[in-house]
Each structure stands twice: as structure tokens, then as C-alpha cells.
Amino acid sequence: SSTISGSINGNAATATNATTAASCTGNSATVTNGVYTTGTQTITGLKTFSGGLRSEGAGATSFRAGTSAGATSQGADAVAIGYLAGNSSQGTLAVAIGSESGKNQLQWSVAVGSEAGKTDQLIGSVAIGRLAGQSDQGSGCVAVGINAGQTNQSGFAFGSGAGQTNQGLSATAIGFNAGQDNQSN
């Protein structure tokens, strides 16, 4: 190993353990322990971003993280975290956290849990838990618990399986499997 003193100009095939330089010009084909700005790279250890974190393709002032999260038509101030979360359409101020949650979600809606609020979650509805409010959750509806308000919900369901299928307008189901099928208004 040799020490180089003075200036080096031009292109290097490899730069290993480059520690201090008064000036450095040119290009290197590889950099050991460096971060590339293009391509795929695994970065380990804790990293601090002092300027914030922006995800390319996210809606204005929105954030997305996860494969295809918030990928199509993500509204302003929306958050999509997880595989396909908020993927098809996500409204303004909507939140989708979990794999395939809030895939077609209107504004002010919240979906937390795998496949929560997955298909057609309407304005201001809340779905928390795996498969909660999964399909056709009405405006202003609340579903909390696994399978709560899972399909065609128009009311309020709290508990695993509560108001699971065809819950009527403004109906309320509280407890395990309460009002599970075809609960009327």
C-alpha cells in the first residue's frame, strides 16, 4: 500500500478508504462504503435525514412507503405505508397503514391493518383491524376489530366479527360477532 500526496485528477476505477482530500475531481466507477444515487442498494444501520424524507410520486405533501403504496392518484396530505396501501386511489388527508389497506380510499378516511378499508372506503370512515371495513364501507362508518364491518357496512361495529356483513344504516354492533350478518337499522 502506498500513500499518495498531492493532487490527483482524472477518473479512478475504484476508490477505497478515501478519507481526506483537499480537492477531488473526476469520476469513480465504484466507491467503497458509499451511497449511490441511482440503482438498488442495501443500506444498514441507523441513518438520520435532517432535511426530511420525500417519496417520489407521492401526492403533494403526502408520504408513501412500501411496494406500490400510494402509487396511483394519492391526494394531498395523505399517508400510505405498506404493500399496496392506498394504491388505487387515496383521497386528501387519508391514512392507510398495512398491506393492501385503503386501496380505494376517499378523503378523511383511516384504514389501519392488513386489508382494512381495502375496497371502496368512503368519506370519513374508520377501519382498524385485519379485514375491518374491507369492502364497501360507507361514509362516516367505524369498524374496529378483525372482520368488523367487513362487507357493506353502513353503521358502527366494535369487536371481532361485529357488523361483519350487510350492517344497516346507523346500526351499532358491540362485541364478538354482534350483529354479524344483516343487522338492520
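Our subject is the structure listed above.
To keep things clear, this report deals only with the structure shown in the data block. (Residues numbered from 1 in each chain as written. Predicted model: local features only at pLDDT ≥ 70, side-chain atom pairs only at ≥ 80, totals over all residues. Heavy atoms only, no water.)

### Observations regarding the overall build of the chain
Working step 1: Looking only at helices and strands, the chain has zero helices and 16 strands in total.
Working step 2: A compact globule built from 185 residues would reach a C-alpha radius of gyration of about 16 Å, whereas the chain, at 24 Å, exceeds it by more than 25%.
Working step 3: For the chain, the C-alpha atoms occupy an extent of roughly 85 × 30 × 25 Å along the three principal directions.
Working step 4: When the 185 residues of the chain are sorted by exposure, 35% land in the buried category.
Working step 5: Residue pairs in contact within the chain that sit at least 24 positions apart in sequence constitute 0% of those at least 6 positions apart.
Working step 6: Total accessible area computed for the chain in this model is approximately 10600 Å², and 54% of it derives from carbon and sulfur atoms.
Working step 7: The chain carries 6 positive and 7 negative side-chain charges, and their two centres are separated by 12 Å. (Helix = DSSP H or I, 4+ residues; strand = E, 2+ residues; numbered from the N terminus. Rg over C-alpha atoms; globule rule 2.2 N^0.38 Å. Buried < 20%, exposed > 50% of the residue type's maximum accessible area, 1.4 Å probe, protein only. Contact = heavy atoms within 4.5 Å. Areas by Shrake-Rupley, 256 points an atom, 1.4 Å probe, with all protein chains shown as cover. Lys, Arg positive; Asp, Glu negative; His and termini not counted. Charge placed at Lys NZ, Arg CZ, Asp CG, Glu CD.)

### Some words on the sheet that holds strand β12 (residues 142-144)
Working step 1: Read from one edge to the other, the open sheet built from eight strands follows the order β3-β4-β6-β8-β10-β12-β14-β16, with strand pairing classed as parallel. Each end of this open sheet is capped by a strand with a single partner; those strands are β3 (63-65) and β16 (172-174). Each strand axis lies, on average, 5° off the axis of its neighbour in the sheet, ignoring direction. (Pairing = 2+ DSSP bridges. Axes fitted to C-alpha atoms, helices over the stretch in contact; angles between N-to-C directions.)

### Looking at the nonpolar core
Working step 1: Ala111, Ala116, Ala127, Ala132, Ala143, Ala148, Ala157, Ala162, Ala173 and Ala178 together form the largest nonpolar core, which totals ten residues.
Working step 2: With residues near it in sequence (within four places) discarded, Ala157 still touches Val142, Ala143, Val144, Ala148, Gly149, Ala162, Gly163, Gln167 and Ala173. (Core = buried A, V, L, I, M, F, W, Y, C linked by side-chain atoms within 4.5 Å.)

### Digging into unusual backbone geometry
Working step 1: The phi dihedral of Glu100 falls on the positive side, at around 60°, and the residue is not glycine.
Working step 2: On the basis of relative accessibility, which here comes to 18%, the residue Glu100 falls in the buried class.
Working step 3: Notably, Leu131 is not glycine yet its phi reads approximately 65°, a positive angle.
Working step 4: Here Leu131 shows up in the loop between β10 (126-128) and β11 (135-137).

### What about the pattern of salt bridges?
Working step 1: Inspection of the entire model under this criterion finds four salt bridges.
Working step 2: For Lys118, the salt bridge identified is with Glu100, shortest N-O distance 3.1 Å. Separated by 18 residues along the polypeptide, Lys118 in the loop between β8 (110-112) and β9 (119-121) and Glu100 in the loop between β6 (95-97) and β7 (104-105) bring together distant segments of the chain.
Working step 3: Relative accessible area serves as the criterion here: at 19%, Lys118 is assigned to the buried category.
Working step 4: Note that Glu115 and Arg130 form a salt bridge whose closest N and O atoms lie 3.6 Å from each other. Of this pair, Glu115 sits in the loop between β8 and β9 while Arg130 sits in the loop between β10 and β11, and the two are 15 residues apart along the sequence. (Salt bridge = Lys/Arg side-chain N within 4 Å of Asp/Glu carboxyl O.)

### Focus on a nonpolar patch on the surface
Working step 1: A contiguous nonpolar surface patch, about 520 Å² in accessible area, is contributed by Ile81, Ile97, Val112, Ile128, Val144, Phe158 and Ile174.
Working step 2: Considering the arrangement of structural elements, one finds Ile174 in strand β16.
Working step 3: For Ile174, a relative accessible area of 65% gives the class exposed. (Patch = residues over 30% accessible without salt bridge, like charges linked within 9 Å, V, L, I, M, F, W, Y side chains within 5 Å.)

### Overview of the side chain of Gln121
Working step 1: On the secondary structure map, Gln121 appears in strand β9.
Working step 2: In this structure the side chain of Gln121 is engaged in a polar contact, spanning 3.0 Å, whose partner is the backbone oxygen of Val110.
Working step 3: Polar side-chain contacts of Gln121 include one of 3.0 Å to the side chain of Gln137.
Working step 4: With near-sequence residues (within four places) excluded, Gln121 lies in contact with Gly102, Asn104, Gln105, Leu106, Ser109, Val110, Ala111, Val126, Ala127 and Gln137. (Polar contact = N/O pair within 3.5 Å; in protein donor to acceptor, adjacent residues only side chain to side chain.)

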